[in-house]
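# Overview (structure and organization)
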Protein chains: 2
Amino acid sequence: MDRAAAEQLDAADPLARHRESFVIDDDHLVYFDGNSLGRLPRRTEQRLAEVVRSQWGSRLIRSWSEWIDLPERVGDRLGRVVLGAAPGQVVVADSTTVNLYKLAAAAIAARPGRSAVVCSAEDFPTDRYVLAGLAAQHGLDVRSLAAPEGVGRAVDRDVALVMFSVVDYRSGEIADVASIASAAAAAGALTLFDLSHAAGSIEVDLDAWGVDLAAGCTYKYLNAGPGAPAWLYVRRGLQDSLMPPVWGWFGQRDQFAMGPDFEPAAGIRRWLSGTPPISGVVAVDAGVSVVEEAGMRAIRAKGIALTSMAVELADAWLAPLGFTIASPRDATRRGSQVALRHVEAYRLCKALIEEADVVPDFRAPDVIRIGLSPLTTRYCDVWDGLARLRGLAEERAWERHDPTPGAVT
Amino acid sequence: MDRAAAEQLDAADPLARHRESFVIDDDHLVYFDGNSLGRLPRRTEQRLAEVVRSQWGSRLIRSWSEWIDLPERVGDRLGRVVLGAAPGQVVVADSTTVNLYKLAAAAIAARPGRSAVVCSAEDFPTDRYVLAGLAAQHGLDVRSLAAPEGVGRAVDRDVALVMFSVVDYRSGEIADVASIASAAAAAGALTLFDLSHAAGSIEVDLDAWGVDLAAGCTYKYLNAGPGAPAWLYVRRGLQDSLMPPVWGWFGQRDQFAMGPDFEPAAGIRRWLSGTPPISGVVAVDAGVSVVEEAGMRAIRAKGIALTSMAVELADAWLAPLGFTIASPRDATRRGSQVALRHVEAYRLCKALIEEADVVPDFRAPDVIRIGLSPLTTRYCDVWDGLARLRGLAEERAWERHDPTPGAVT
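All of the points below concern the structure found in this document. (Residues numbered from 1 in each chain as written. Chains lettered and ligands numbered in written order. Predicted model: local features only at pLDDT ≥ 70, side-chain atom pairs only at ≥ 80, totals over all residues.)

Let's shift gears to the overall build of chain A. In terms of helices and strands, chain A carries 13 helices and 13 strands. Along the first, second and third principal axes, the C-alpha atoms of chain A reach 70 × 55 × 40 Å. The 409 residues of chain A split such that 58% are buried. Expressed as a percentage of contacts within chain A between residues at least 6 apart in sequence, the contacts between residues at least 24 apart total 73%. (Helix = DSSP H or I, 4+ residues; strand = E, 2+ residues; numbered from the N terminus. Buried ≥ 20, exposed ≤ 12 C-beta atoms within 10 Å, placed from the backbone. Contact = placed C-beta atoms within 7 Å.)

A few words on the relation of the copies chain B and chain A. Taken together, a rotation about one axis and a shift along it account for how the two chain copies relate. You can overlay chain B on chain A at an RMSD of 0.0 Å; the transform is a turn of 180° with a shift of 0.0 Å along its axis. Expressed as a symmetry operation, the mapping of one chain copy onto the other fits a two-fold axis. Comparing interface residues between copies, 97% of those in chain B also sit at the interface in chain A, which points to an isologous, same-surface contact. (Least-squares fit on C-alpha atoms with pLDDT ≥ 70 in both.)

Time to look at the interface of chain B and chain A. Contacts between the two partners involve 66 residues from chain B and, on the opposite side, 64 residues from chain A. It is helix 2 (residues 42-58) of chain B that contributes the most residues to the side of chain B that touches chain A, eight residues altogether.

Another point: the nonpolar core. In a soluble, globular protein the nonpolar side chains are often hidden away together inside. Counting residues in hydrophobic clusters, the biggest one holds 279 residues, and the most contacted among them are A:Ala104, A:Leu161, B:Ala104 and B:Leu161. For A:Ala104, the residues in contact, after removing those within four places along its chain, are A:Val130, A:Leu131, A:Leu134, A:Leu161, A:Met163 and A:Leu192. (Core = buried A, V, L, I, M, F, W, Y, C linked by C-beta atoms within 7 Å.)

Turning next to helix 2 of chain B. With 17 residues, helix 2 of chain B should cover 24 Å at 1.5 Å per step; its first-to-last C-alpha distance of 23 Å lies within 8% of that length. In helix 2 of chain B, a bend of some 25° at B:Val51 exceeds every other bend along the element. Within the span of helix 2 of chain B, buried status applies to B:Thr44, B:Leu48, B:Val51, B:Val52, B:Gln55, B:Trp56 and B:Gly57. Here the buried face of helix 2 of chain B lies against helix 2 (42-58) of chain A together with helix 3 (64-67) and helix 10 (278-294) of chain B. Looking one or two residues beyond helix 2 of chain B, the residue adopting positive phi is B:Leu60, at roughly 55°. (Expected span 1.5 Å × (residues − 1). Bend = angle between axes of the 7 residues up to and from the residue.)

Residue and element names in this part refer to chain B. The seven strands are arranged 2-8-7-6-5-3-4 in an open sheet whose pairing can be described as mixed. A single partner strand is all that each edge strand has here, and the edge strands are strand 2 (90-92) and strand 4 (141-145). Taking the axes of each pair of neighbouring strands and ignoring which way they run, one obtains an average angle of 15° across the sheet. As defined by bridge partners, strand 5 (residues 159-165) adjoins strand 6 (residues 190-194) across five bridges and the pair is classed as parallel. Residue pairing for strand 6: Met163 is matched across the bridge by Leu192. Helix 4 (residues 70-83) rests against strand 2 and strand 8 (231-234) of the sheet, and its axis sits at about 120° to strand 2. Along the sheet face, helix 6 (residues 125-138) touches strand 3 (116-120), strand 4, strand 5 and strand 6 and points at about 165° away from the line of strand 3. (Pairing = 2+ DSSP bridges. Axes fitted to C-alpha atoms, helices over the stretch in contact; angles between N-to-C directions.)

Next up on the list: the packing of helix 1 (residues 3-12) of chain B against helix 13 (residues 379-394) of chain B. All names here are of chain B. Contact geometry of helix 1 with helix 13 gives a least axis separation of 7 Å together with a crossing angle of 150°. Relative to helix 13, helix 1 is oriented roughly antiparallel. On helix 13, the residues that touch Arg3, Ala6, Glu7, Leu9 and Asp10 of helix 1 are Tyr379, Cys380, Val382 and Trp383. Here the residues of the contact of helix 1 with helix 13 are counted per class, giving six nonpolar, no polar and three charged. (Parallel < 35°, antiparallel > 145°, perpendicular 65-115°, else oblique. Nonpolar A, V, L, I, M, F, W, Y, C, P; charged D, E, K, R; others polar.)

On to the packing of helix 2 of chain A against helix 2 of chain B. Running from N to C, helix 2 of chain A and helix 2 of chain B point in directions that differ by 165°, and their axes come no closer than 11 Å. Relative to helix 2 of chain B, helix 2 of chain A is oriented roughly antiparallel. The interaxial crossing formed by helix 2 of chain A with helix 2 of chain B has right-handed handedness. Across the interface between the two elements, A:Glu45, A:Leu48, A:Ala49, A:Val52 and A:Arg53 from helix 2 of chain A touch B:Glu45, B:Leu48, B:Ala49, B:Val52 and B:Arg53 from helix 2 of chain B. Across the contact of helix 2 of chain A with helix 2 of chain B, the residue classes break down as six nonpolar, no polar and four charged. (Left-handed = near helix turned anticlockwise from the far one by under 90°.)

This next bit is on the pairing of strand 6 (residues 190-194) of chain A. Residue and element names in this part refer to chain A. Of all five residues in strand 6, five are buried, a share of seventy percent or more. The two faces of strand 6 match: Leu190, Leu192 and Asp194 on one face and Thr191 and Phe193 on the other face are all buried. Note that the unit made of strand 5 (residues 159-165), helix 8 (residues 177-186) and strand 6 has a crossover that is right-handed. One ladder, built from three bridges, connects strand 6 with strand 7 (residues 213-216); its direction is parallel. By the bridge assignment, Leu192 is partnered in strand 7 with Leu213. (Right-handed = clockwise from strand over helix to strand, strands pointing away.)

Okay, here's the thing in structure tokens:
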């Protein structure tokens, strides 16, 4: 395979035209970090300017008649386009961390008398920390597995909640969600999945998979911007029986009656807490609309092709230089990212950013994470980025960089 | 007093030029709702466009080196300009509701064995609901007072937490914070104050008042936009002994080491949970910068003058038409708002908005709330708005409007 082959793939790429939907003003930059902070859709810039200038600036408080249901409307769209969730089960709100906390706390309260929760020792920090905090507050044991696959043996009738990520934040490995959900349900435990690295990168079907609860961020493959609000999902059949721990005025049944007692709104709305961040929710809507135009099937197909190409090039170019691939080799078990392990990963990331105009993610202790967001990454980017990494590794570029950990995010 | 007198006050107003800092494109509109959703500062429009286009769109993930400390930096500025808080005690994060929850939960956990919490039955709904939810989860009694003044009798050594608003959301009455804090401290209880209607409208001195914990929104007198992120304050002396209930990766001591266990960051940073909403935090910074230029002393002086004028006109024009004033007559005990009570308040609000280009707030069951944000409200606005209300009341305009409660926020 040579670079011309990559160029041909770009020329034939049915998603290529969707790259035009994004602000991309530096063609030399190889951005391997769309899985950490997705790129800016052009329409988002316009819609935010409109929300700020017209809706807030001119219409002022009167715009609340348009805004009041926005978290649910955008949640429904996200459910339909990205999550495989029928209407009325998804709402855009708060951060991933706060949503995981709210859902996990409610699940634990709904399984009184059970003494344990199950998670993965390799899960993203905030997931593990949220659960550890709740376990400490409620005196529960945390059964921390090496990987989601061990769940069958770890779940019994003492377990209140099973919590995993659908796509592993480092390796990109896709969990077998339906099996986990089934094993948990058989033991009467609830399931909570974090889809931060899955939503917008792989085809998701929360309803069909039998997931109870889910949450995820919107600033990765959904391209909603830094710290954009997250979403949460509660399966319809559970909605009446779960009570959020945070009782807020936006979750109140008759909000503007401002009555004396909290009466949770019907459906998913009770999971709202405070006043929703309007421009953030609008940015989520804009990001999802780009995904909708491209379609999750095509996005997933290109994600598989991009990561397969990266694995092939890594085998050919990087393995001889001391790299190993820490992602599944079976593309159907891999999200839209490839983890390359190298003993000098940290300093190689610095070299890529500072010398080669390639932006990957470093993940401690030794992973260079190559995120290949299908809407904005070209086959040529994979080629160029890995070629530049090969060049840096060949010349031992890490020797030029400070090994002191700093702000390589 | 005639309208010419109001015009003269505007001409002599030292804050008049700061109105130019805002987008105001409809001079006929009388906006009495800056205490619900403050107006858009011109610089905010520019700064948001810059954050979106340059920092997100072009610099992408690399902008995190600038963003990572933003919640604390803007918190410090808010502390200095608005809250009377020395550095290191304020952080911008989440919503007011979530912040109240986090602070109240931590306070309750820090006072084990105490069986009650104290609040006001008239407080804003979200405050009461948050506390009721925590009380239910922890089996605590809620001692719900008619007003903060009863706190001396209600606080004893069974009380873990005392929680009030500094400015009442309907009447605008200012609580005697220092006395409440002192009574609570004498009983070993912690205090938590909501400053949503106080921050940016009255002079606040959290450090000097002896407040333990505080939170508030930024979209009212701080003009940060709909659903902009809130802030929270933890008194320095308490910071090491309080543990947030939500353990998130942004509150972790060595965040990017992504270690196995949650170790809370030193100082105020442990109160961060998920990834901060960057454009929201920037909008808070921009809003606070406008307040800083005008100065809280001048803002408070104008607030007193505006509400005093409104009370005077209401006495002269509206009292004969069946209105009563539900705000303190002593201006030093009143925030920057005046509550007018009328049996047809709901329909009169509709008439004001739909017929008279006056936008107040309706607050159930019978209050027309006139918010007079000092940076953007002219003396002529007070005159014109109340004159139009008088006209509508004289002609019984409510008879033209549907009494069914709808979306008058």
